[in-house]
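Below are the chains, spelled out letter by letter.
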Amino acid sequence: MTQQEVFDLLNGSLIDKRVCYDDLWEFCRSHDLEMFSGETRYCIVSKDWDFVLKISRFDNVRDDYNAIEFANYENACKLGIEKIFLKMWKFGTLDCGLDIYAQVRYSFSHSNIDHNKEKKMRKQTEKIRSCKVFHKSHEHTYDSSRISNNWYARAYQIYGKQFMRKFERFTRQHCIGDLHDSNVGYLGKMPIILDFAGYHG
């Protein structure tokens, strides 16, 4: 299916901004698509796409987390740190007023990293993880239980200290603190954030 065909199908199926889980699941089942559901959003995936569709859940939370995430991406672009964020764009607005967003499909999340790759990465980042500057920066910015040490060290190693300092300030400013293993990952070999809307309770 082309992007336009997907949009037309969604437009004909979703008639309420407060998307019902059962309706969206049935839509995906009928069109050979996969659906994933989190607390704030739904994701639609096809094996043929190099992107993922994201739909905000207004049945579960009040805020539009897609709009928040997209604004964060645009602000990251202005600051010149967008390469650590998965590219995101507005897919379209349905007749019911629901905005649909798309995001580049990542390679794998850190929670799904292969054990051998994790072991290799730990060895590659051992020196930087023992560095006092990195340790102080990491501890000051994040609760260590909420972010992967290995992912963060790899990002620090690849993008450099100045870039990561900008990134640290940005995530504090925009309340992006839930960078646990399922919300960070890799696009090819590059460390990226998969979900950067933050969580506002």
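A brief report on the enclosed structure follows. (Residues numbered from 1 in each chain as written. Predicted model: local features only at pLDDT ≥ 70, side-chain atom pairs only at ≥ 80, totals over all residues. Heavy atoms only, no water.)

## Examining the sheet that holds strand β3 (residues 51-56)
Within a beta sheet, neighbouring strands are joined by backbone hydrogen bonds and run either parallel or antiparallel to one another. Read across the open sheet, the five strands follow the order β1-β2-β3-β5-β4; overall the sheet is antiparallel. Since the sheet does not close on itself, it has two edges, and those belong to β1 (34-37) and β4 (88-93), each with one partner. On average, each strand axis in the sheet is inclined to that of its neighbour by 30 degrees, with strand direction left out of account. Across four bridges, strand β2 (residues 41-45) lies against β3 in antiparallel orientation. Bridging across to β3, Tyr42 finds its partner in Ile55. With respect to the sheet, helix α3 (residues 65-79) is in contact with β2, β3, β4 and β5 (99-104), its orientation differing from that of β4 by roughly 140 degrees. (Pairing = 2+ DSSP bridges. Helix = DSSP H or I, 4+ residues; strand = E, 2+ residues; numbered from the N terminus. Axes fitted to C-alpha atoms, helices over the stretch in contact; angles between N-to-C directions. Contact = heavy atoms within 4.5 Å.)

## Here we look at the nonpolar core
One finds Ile84, Phe85, Trp151, Met164, Phe167 and Phe196 to be the most contacted residues of the largest nonpolar core, which totals 26 residues. Residue assignment for this core shows that the elements contributing at least two residues are α3, α7 (149-159), α8 (161-173), β7 (184-187) and β8 (190-193). It is α7 that provides the largest number of residues to this core, a total of five residues. Counting residues in hydrophobic clusters, the runner-up holds 22 residues, among them Val19, Trp49, Leu98 and Ile100. (Core = buried A, V, L, I, M, F, W, Y, C linked by side-chain atoms within 4.5 Å. Buried < 20%, exposed > 50% of the residue type's maximum accessible area, 1.4 Å probe, protein only.)

## As for the pattern of salt bridges
Summed over the entire model, instances satisfying the criterion amount to seven salt bridges. Note that Asp32 is salt-bridged to Lys47, the shortest N-O span being 3.3 Å. Residue Asp32 is located in the loop between α2 (21-30) and β1, and its partner Lys47 is located in the loop between β2 and β3; the two are separated by 15 residues in the primary sequence. Pair check on accessibility: Asp32 and Lys47 agree, each one exposed. Here Lys90 and Asp99 are joined by a salt bridge, their closest N and O atoms 3.4 Å apart. (Salt bridge = Lys/Arg side-chain N within 4 Å of Asp/Glu carboxyl O.)

## Describing the packing of aromatic side chains
For the coordinates displayed, the defined rule picks out 13 aromatic pairs. Taken together, a centroid distance of 6.1 Å and an interplanar angle of 55 degrees make the contact between Phe85 and Phe167 tilted. Placement of Phe85 in the loop between α3 and β4 and of Phe167 in helix α8 is noted, with a sequence separation of 82 residues between them. The exposure class of Phe85 is buried, given its relative accessible area of 3%. Of the residues examined, Phe167 reaches a relative accessible area of 0% and is grouped as buried. Taking the centre distance of 6.5 Å and the plane angle of 45 degrees together, the rings of Trp151 and Tyr152 count as tilted. Given a relative accessible area of 0%, Trp151 falls into the buried group. (Phe/Tyr/Trp six-rings, centres within 6.5 Å; stacked < 30°, edge-to-face > 60°.)

## A look at the pairing of β2
In terms of burial, β2 is a largely internal element, four of the five residues being buried. Two elements, β1 and β2, share four bridges in a ladder whose sense is antiparallel. Across the sheet, the residue bridging to Ser37 is Tyr42, located in β2. Count of turn residues in the β1/β2 antiparallel hairpin: three residues.

The values reported here are purely geometric and, on their own, carry no functional implication.
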